[in-house]
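Chain and residue survey
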Amino acid sequence: MSAISRRDFLKTAATHAAAAGFLAAGELEVRANPLGLPIGCQTWPVRAMIAKDFPGSIKQLADAGFQTIELCSPVGYAEYGFGGLAKYSGAELRKILGDAGVSCVSSHFGIEELRANQADRIAWAKDVGLTQMIVPSLGGPAKPTMDDVKRAAEEYNKMGEQSAKAGIQQGLHNEEFELSMVDGKRTYDLLFELLDPKLVKFQFQVSTISRGYDAAEYFMKYPGRFLSMHVQGWSAETKKVVAVGQDSLDWKKIFTAAKTGGIKNYFVEMNLETMKASVPYLHGLQV
């Protein structure tokens, strides 16, 4: 944008006016993105593409309008298509992402790989330029006891402490264990009580509305406890995931509540065509 300004400085007043209009429109486009945040994409749905051609896949996501992406670790997600990323150094990955014009501050890591060698995974995260390390689930039993939940929280608080020392925020997604029940209470809610608010933030999976977990409700219930969210459209009529904006969710309400929740970034996570179809709506949504 600065290069454009220098060129326009040498042009006529009419061209100045046109350029000013162009810049103003660009500013409006930036403001149009919800919360003023870049439109993000989680790479899990395109794992087959990534396994074949990582640079090409990232370029395709960038061309589709995604400005930031969330990776999955080549160690914890090796068998799912991300193992090939291990052939790149952290610096090389950062360059590939930068060359495609996207940013990357977040990645998912399996709880088992952190148990095995968290220091190594933190080092990789730093090399890539990450500031957020997200675990999809603490991996507890399907029908946990209160002691199971307490043990899981204690372990993850310690992991969060180690990440914090390296300047990285540890985060927790909500998958099966987190959606279980203990003595009539949601394990997810118990974890908000047991996990240290400074050491562990939460990443909300919007599609858990299908299980009765409402994003806006949780953002308002636990202000400042969230870091990011995975965005999916949801049709109450068909009970299926659909493109954002073609669904029955109140996205203005969700993103407004997300401000209170503390959301710093969000990542669309559906099949590629549905993700692409969600970009225009998100680009125009103003909160």
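As a reminder, the structure under discussion sits directly above these lines.
Residues numbered from 1 in each chain as written. Predicted model: local features only at pLDDT ≥ 70, side-chain atom pairs only at ≥ 80, totals over all residues. Heavy atoms only, no water.

With that settled, consider the pattern of salt bridges. Taken as a whole, this structure holds 11 salt bridges when the rule is applied. Where Asp-63 meets Lys-59, a salt bridge forms, and the shortest distance between an N and an O atom there is 3.0 Å. With Asp-63 and Lys-59 both in helix H4 (residues 54-63), this residue pair falls 4 residues apart, about one helical turn. Classification of Asp-63 as exposed rests on a relative accessible area of 58%. Several salt bridges converge on common partners, so that one network encompasses Glu-112, Arg-115 and Glu-155. (Salt bridge = Lys/Arg side-chain N within 4 Å of Asp/Glu carboxyl O. Helix = DSSP H or I, 4+ residues; strand = E, 2+ residues; numbered from the N terminus. Buried < 20%, exposed > 50% of the residue type's maximum accessible area, 1.4 Å probe, protein only.)

This part is about the pairing of strand S5 (residues 169-172). Side chains Gln-169 and Gly-171 of S5 all project onto a buried face; the interleaved residues Gln-170 and Leu-172 project onto the opposite face, where all are buried too. Across 4 bridges, strand S4 (residues 132-135) lies against S5 in parallel orientation. By the bridge assignment for S5, Met-133 is matched with Gln-170. Traced from S4 through helix H7 (residues 146-165) to S5, the parallel crossover comes out right-handed. (Pairing = 2+ DSSP bridges. Right-handed = clockwise from strand over helix to strand, strands pointing away.)

Okay, the packing of aromatic side chains next. In total, this model carries 24 aromatic pairs according to the counting rule given. Seen in terms of ring centroids, Trp-251 and Phe-255 are 6.1 Å apart; in terms of plane orientation they differ by 45°. Their pairing is tilted. One end of the pair is Trp-251 and the other is Phe-255, both in helix H10 (residues 251-261) and 4 residues apart, which spans about a single turn. Every member of this aromatic cluster is reached through a ring pair, and the members are Tyr-188, Phe-192, Phe-202, Phe-204, Tyr-213, Tyr-218, Phe-219, Tyr-222 and Phe-226. One Lys or Arg, Arg-47, reaches over the ring of Trp-44 and ends 4.0 Å from the middle of that ring. One residue, Arg-186, lies across the ring of Tyr-213, its end atom 3.9 Å from the ring centre. (Phe/Tyr/Trp six-rings, centres within 6.5 Å; stacked < 30°, edge-to-face > 60°. Lys NZ or Arg CZ within 6 Å of the ring centre and 35° of its normal.)

Moving on: the pairing of strand S12 (residues 265-268). Here S12 shows two buried faces, one formed by Asn-265 and Phe-267 and the other by Tyr-266 and Val-268. In terms of strand pairing, strand S1 (residues 40-42) meets S12 through 2 bridges, oriented parallel. In the strand pairing of S12, Cys-41 is matched with Val-268. With 4 bridges connecting them, strand S9 (residues 226-231) and S12 associate as parallel partners. Considered in S12, the bridge of Val-231 is made with Val-268.

All right, on to the side chain of Ser-106 then. Considering the arrangement of structural elements, one finds Ser-106 in strand S3 (residues 103-108). Judged by its relative accessible area of 0%, Ser-106 falls in the buried class. Within the structure, the side chain of Ser-106 is placed 2.6 Å from the side chain of Glu-70, a separation counted as a polar contact. What Ser-106 contacts, discounting residues up to four positions off in sequence, is Ile-69, Glu-70, Leu-71, Leu-130, Gln-132, Ile-134 and Phe-267. (Polar contact = N/O pair within 3.5 Å; in protein donor to acceptor, adjacent residues only side chain to side chain. Contact = heavy atoms within 4.5 Å.)

Along the chain, Ser-57 turns up in helix H4. A distance of 2.6 Å separates a polar side-chain atom of Ser-57 from the backbone oxygen of Asp-53. Apart from the residues within four sequence positions on either side, Ser-57 is in contact with Met-49 and Ile-50.

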